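# Structural features, examined
Here's the letter readout for the chains.
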Amino acid sequence: MYKNLLAEMSRAGITSTEMSNILGITLQAFIYKKQGKSEWKLKQMVLIQEQINRKLNTNYTLDYLFKRD
């Protein structure tokens, strides 16, 4: 559902388990969000953006990362 997000997480070497821990949610909750079955909170989106940009030394926008396929 979020092709860019998944690709950049992979490039950054961040697993779904790691990201769910960073966000303070269960792995299942994170999976539901990735699949579009649950809504993202802005705070969660910004945390993800910060993690990816920090690891990859990039400046990806929320629009790019959370673009729906």
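So, here is what we can say about the structure in this document. Values in this document were obtained by computation on a predicted structure and should not be read as measured data. (Residues numbered from 1 in each chain as written. Predicted model: local features only at pLDDT ≥ 70, side-chain atom pairs only at ≥ 80, totals over all residues. Heavy atoms only, no water.)

Below, the discussion takes up the overall build of the protein. Assigned secondary structure in the protein consists of 5 helices and 0 strands. Listing every helix and strand of the protein by position from the N terminus yields α-α-α-α-α. In terms of C-alpha radius of gyration, the protein reaches 11 Å, essentially the compact-globule figure of 11 Å for 69 residues. Oriented by its inertia axes, the alpha-carbon framework of the protein measures out at about 30 × 25 × 20 Å. Residues classed as buried in the protein amount to 35% of the 69 residues present. (Helix = DSSP H or I, 4+ residues; strand = E, 2+ residues; numbered from the N terminus. Rg over C-alpha atoms; globule rule 2.2 N^0.38 Å. Buried < 20%, exposed > 50% of the residue type's maximum accessible area, 1.4 Å probe, protein only.)

Once that is clear, we can look at the pattern of salt bridges. Evaluation of the coordinates by the stated rule reveals 1 salt bridge. Note that R11 and E8 form a salt bridge whose closest N and O atoms lie 2.7 Å from each other. With a gap of 3 residues between them, R11 and E8 both fall in helix α1 (residues 3-12), about one helical turn apart. Note on R11: relative accessible area 55%, which makes it exposed. For E8, a relative accessible area of 1% translates into the label buried. (Salt bridge = Lys/Arg side-chain N within 4 Å of Asp/Glu carboxyl O.)

Turning to helix α3 (residues 27-34), a few remarks are in order. Within α3, burial applies to F30, K33 and K34. Buried residues of α3, viewed axially, fall in a sector of 100 degrees; they line one side. The inward-facing, buried residues of α3 abut α1, α2 (16-23) and α4 (42-56). One or two residues past the end of α3 sits G36, with phi positive at roughly 80 degrees. (Arc of directions from axis to C-beta. Contact = heavy atoms within 4.5 Å.)

Working definition: an aromatic ring pair is given by the centre-to-centre distance plus the angle between the planes. Summed over the entire model, instances satisfying the criterion amount to 5 aromatic pairs. With centroids separated by 5.2 Å and ring planes inclined at 70 degrees, the aromatic side chains of W40 and F66 adopt a geometry described as edge-to-face. Highlighted residues: W40 in the loop between α3 and α4 and F66 in the segment after α5 (62-65), separated in sequence by 26 residues. Judged on exposure class, the residue W40 and its partner F66 are both buried. Here the aromatic residues Y2, F30, W40 and F66 are joined through ring pairs into a cluster of three or more. (Phe/Tyr/Trp six-rings, centres within 6.5 Å; stacked < 30°, edge-to-face > 60°.)

Coordinates in, geometry out; function isn't part of it.
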